[in-house]
Amino acid sequence: MSKGNTLEKKAKFNWKDYTAAFGLILLVIISAVLSKTFLLPNNLINILKSNAPTGVMALGMTFAILTGGIDLAMASILAMSGVIVAMTINSLGIFLSVALALAFGVINGLAVGVVVTKFRVPPFIATLASQNIWRGLAYVVTGAAAKPITNLKFNNFGTDKLPMSITLIILALCAVYVVFAFLRSEQKGKKLFSTVLLLLIIAFAVWLTITGKGMSYLICVFVVAFFVCWYILEHSVYGRQVYALGGNPEAARFSGIRVDRNIILVYMISSLLAALGGVLAAARLGSGVPQLNVGGETDAIAAVVLGGTSMSGGSGKITGTILGILLIGVLNNLLTLLGVSSDLQMVFKGVIVLIAVILDTTNHK
Amino acid sequence: MAVLEVKNITIDFPGVRALEEVSIVFPDGKMTALCGENGAGKSTLGKIVAGVHPQGKFSGQIFLDGEELKFSGTRDAENHGVVIIHQELNLINDMSVAENMFLSQMPNKRGKVDWKTMHQMAREMLDSLDLDDINTHTLIRDLTVSKRQMVEIAKALSKNPKVLIFDEATSSLSEAEIKLLFEVIEKLKERQVTMIFVTHKMDEIFRSCDHVAVLKDGKYVWDRPVSEVTQHDIVTGMVGRELSEMFPPKSGKPRGEELLSVKNWTVYDNADSRKVVVKDAAFELYAGEILGIYGIVGAGRTELMTSIFEGKAIKSTGELYLHGQKKVIRDTQDATKQKIALVTEDRKKTGLVLMHSVRSNIALASLNKRAKMGKIDHAGEAVAVDKSIQDFRVKVPDSSYLVKQLSGGNQQKVVLAKWMLNEPEVLIMDEPTRGIDVGAKAEIYKMLRDLADAGKGVIVISGELPEILGISDRILVMCEGEIVANLNAGDANEVNLAQYALGVAGKADA
Ligand SMILES: Nc1ncnc2c1ncn2[C@@H]1O[C@H](COP(=O)(O)OP(=O)(O)OP(=O)(O)O)[C@@H](O)[C@H]1O
Ligand SMILES: [Mg+2]
């Protein structure tokens, strides 16, 4: 198990902790070699943007899987949330209709959580049911046709960018913080790798910002959502309790933790993030599409598993999930650039996930 | 005939050398006690002999009757007649007793399981152990811990071993069951089975072992016939220093205010809510005292105490008072907030998150205490955890070590440390020293006494008479779900406690 460098200090650098990172680097190199267009900033931004909704979903999925559960309803909630925005935005306005979509996610999560904890329905079944309910309802209320969004301000959010100056200031602040944290840290040797990695990522973001003259709002929302989740899992009491109850619910309960309440919260979080993903997708597409992202929960699950989170719960990292989602995003992009059909892409993804899981189980021996 | 010899055994785990150049000859047809502190390497040695750590994971040799053994796994070892009974139970909860016993070698007819023969064989085995009350069709999860342990023993015996290793097999058994086990062991000796007996209970060594070998910090210290050693020799060999008194002197200070009390407290069975497991219990716990709870397995001691801590998760009726005020405890979090702590009897099931680090486990019950606005105080936690690792002398390279990598006794120390960090006012401990070595036991007893002297209330559930008598200021005895006696330490002795626990002479012990 690992819970971030704040908690786990291993005497030696263990490359096995970074399989996903190395996998990603390898894939990027292969992509750069195979496709001339891959490394163009526009393409990279595109990868990030188009994966932002799934990425937000994968963040929520990480919570569910950490408890040893799963949330199969996420892709349906994503679609339903987009539909809600599309259908209410003209009467309610942007703010209220987005709030409504998010509230829908939270309430669904509450219901699922209660069913899971109080009625002891396995998460697999409970969320499968909710998957069907919301997908079905999304079809029913739209008549199975995409609902275009005419609110320009909302649609612009999907294409607009955070101005370059502001983005650069934020990135500079991040860099300063990372360096400071490193200098203050007591185990510099161990932190060196992650610090360098973080600085490289920031440098990369600076490059993207400058070449793209700003940073897409969709990506910004995703990054913010990631930081919130990361903070919860790594630095909050609640996060630690999620890990504990994922590892051994009875021991967690006997340590004075309200297991049921915490699990309900987990499904509220995953559902909320799915709804947020729906809002992002709606903004990007400029419409609420009921058939959007059918089967998308598998991408989220794959990202989480590729990122090293154990399906049996209790161990994993949200940073891993980010790597996982990038892996999948880059792979999809590469296959598309190479002209591989989307059907064959599915086959590739399946194989990659299988390899990741095998690597993971051999690591944990 | 089976002389077992290990030669120059060395094994390393990340950060620890668990055994270093250990050589011991285990005389044939005898039982050799294997002694050592927690983490000395006893279980590891047993696992090496039984093929759990296969050839290649360690260096050194194992000989049986002069022939070198190279096991590729436990199955291979069993085929050679070497069988181990593990420190932690290894049964599958959702399978029946018979299935568990014959898991690795189901009787079959051309691949089809022969259920009838299997249950018959299981029945015979259990009967030979006087376990007629265990049905072979019962699921393991429906058995008490001690019965599970007996099934584990029956399972090992059904493999017809030449070499049999008991790793703390008696730690969860009742006195009656231990007696039974020792009778079986005598029979095995007649059949020339060579046995290794890992235990922290000194009396068992002198009761039934012929030979004793001592390990310290992974190194061989000495081995001698039991007839030539005293308990003092063994303890000094294990600990490497003279051990002071086992039990700290009782303070003799007058006890303080009433901390916790229950009245008319009735608890119902978790599975069957009509069945009463504790009936009309009433007791008080005062500040500054250690209250011992004695009784045989199944007397309702655990149920009484967990029902207080678990609150509404368990069906119970009656009144509960904290500091003289009537309270309802809703759940474990509520209990923890009221500064009640419960060290459960089953560390693997309810005490530890095995896959997590020592640090996360020790910190778990006191997260909220250190947190500011829900944010974990990482630095404060690191300091607190490292201090408790030292206080309890948990043998671990550093706090990021996973709990599942610790020896059994060290795992138990982690559970104790977890609750101590929360600074409870009422500390309830269910068999707190199970699996803990003599040296560490003495230190834990001292810690408990210090807590009591600091005005806290301590409740110790134990089935071990010396422990109950040595540590308690006052003793409650439970029998068949009722509190049948409330004795001051001065009035209690082994005889009257046992009589109360058994419902006075005449009644058979369950
Ligand atoms: N799988 C493992 N991984 C890492 N370390 C291990 C592993 N198994 C044992 N150890 C370490 O080896 C040492 C010896 O452990 P072992 O379980 O043999 O002790 P023991 O003598 O049986 O103690 P106890 O009386 O507490 O049961 C301990 O320090 C333990 O942490
Ligand atoms: Mg052991």
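Keep in mind that what you see is a predicted model, and the values were worked out from it rather than measured.

Conventions and cut-offs
- Residues numbered from 1 in each chain as written.
- Chains lettered and ligands numbered in written order.
- Predicted model: local features only at pLDDT ≥ 70, side-chain atom pairs only at ≥ 80, totals over all residues.
- Heavy atoms only, no water.
- Near = heavy atom within 4 Å.
- Polar contact = N/O pair within 3.5 Å; in protein donor to acceptor, adjacent residues only side chain to side chain.
- Areas by Shrake-Rupley, 256 points an atom, 1.4 Å probe, with all protein chains shown as cover.
- Helix = DSSP H or I, 4+ residues; strand = E, 2+ residues; numbered from the N terminus.
- Contact = heavy atoms within 4.5 Å.
- Buried area = accessible area lost by both parts, 1.4 Å probe.
- Salt bridge = Lys/Arg side-chain N within 4 Å of Asp/Glu carboxyl O.
- Pairing = 2+ DSSP bridges.
- Axes fitted to C-alpha atoms, helices over the stretch in contact; angles between N-to-C directions.
- Donors = N, O, S within 2.8 Å, 3.2 Å for Na, K, Ca; no water.
- Buried < 20%, exposed > 50% of the residue type's maximum accessible area, 1.4 Å probe, protein only.
- Phe/Tyr/Trp six-rings, centres within 6.5 Å; stacked < 30°, edge-to-face > 60°.

*Asks:* Please provide a residue-by-residue account of the site of ligand 1, values included.
*Replies:* Residues and elements named next belong to chain B. Not every one of the 21 residues close to ligand 1 is listed here, only the nearest: Lys42, Ser43, Thr44, Ser407 and Gly409. Glutamine 87 places a polar side-chain atom, nitrogen or oxygen, 3.0 Å from an oxygen atom of ligand 1. In this structure, glutamine 405 approaches ligand 1 through a main-chain N or O atom, which is 2.9 Å from an oxygen atom. Taking 640 Å² as the accessible area of ligand 1 by itself, protein coverage stands at 91%. Elements that contribute at least two residues to the shell around ligand 1 include exactly α1 (42-49) and α15 (408-420).

*Asks:* So what about the interface of chain A and chain B? Which residues, and what values?
*Replies:* Each side of the interface is counted separately: chain A has 28 residues, and chain B has 39 residues. Between chain A and chain B lies a buried interface of about 2,800 Å² when both sides are counted; carbon and sulfur atoms form 52% of it. The largest share of the area that chain A buries against chain B comes from Arg240, Phe254 and Arg258 of chain A, three residues that together contribute 26% of it. Seen at the junction of chain A and chain B, the total is three salt bridges.

*Asks:* Outline the sheet that holds strand β9 (residues 163-167) of chain B, supporting the account with residue identities and numerical values.
*Replies:* Residue and element names in this part refer to chain B. Ordered by their spatial adjacency, six strands build an open sheet running β6-β9-β10-β3-β11-β12, and the pairing between neighbours is mixed. Each edge of the sheet is formed by a strand with only one pairing partner; in this case those strands are β6 (82-85) and β12 (219-225). Geometrically, the sheet is characterised by an average inter-axis angle of 15° between neighbouring strands, direction not taken into account. Bridge analysis of strand β3 (residues 31-35) against strand β10 (residues 194-198) gives four bridges, and the strand direction is parallel. From the neighbouring strand, threonine 32 faces β10, where its bridge partner is isoleucine 196. Its contacts with the sheet put helix α6 (residues 175-190) on β3, β9 and β10, and the angle it makes with β10 is roughly 150°.

*Asks:* For the coordination of the magnesium ion (ligand 2), give the residues involved together with the corresponding values.
*Replies:* Residue and element names in this part refer to chain B. Bound to the magnesium ion (ligand 2) are the protein donor atoms Ser43 (OG) and Gln87 (OE1), situated 1.9 to 2.2 Å from the metal. Placement of the pair is serine 43 in helix α1 and glutamine 87 in the loop between β6 and α3 (97-101), with a sequence separation of 44 residues. Accessibility expressed as a relative area gives 16% for serine 43, which makes it buried.

*Asks:* Residues and numbers for the packing of aromatic side chains, please.
*Replies:* Inspection of every chain in the model, using the stated rule, returns 10 aromatic pairs over all chains. Both rings, one in phenylalanine 227 of chain A and one in tryptophan 230 of chain A, keep their centres 6.3 Å apart while their planes meet at 90°; by these two values the pair is edge-to-face. Of this pair, phenylalanine 227 of chain A and tryptophan 230 of chain A both sit in helix α8 (residues 217-235), separated by three residues, roughly a single helical turn. You can call tryptophan 230 of chain A partly exposed: its relative accessible area is 28%. Ring geometry for phenylalanine 166 of chain B versus phenylalanine 197 of chain B: centroids 5.6 Å apart, planes at 55°, classification tilted. Pair noted here: phenylalanine 166 of chain B is in strand β9 and phenylalanine 197 of chain B is in strand β10, with a separation of 31 residues, a long-range link. You can call phenylalanine 166 of chain B buried: its relative accessible area is 1%. Among the aromatic residues, ring-to-ring pairing joins Phe226, Phe227 and Trp230 of chain A into one connected group.

By themselves these figures say nothing about function.
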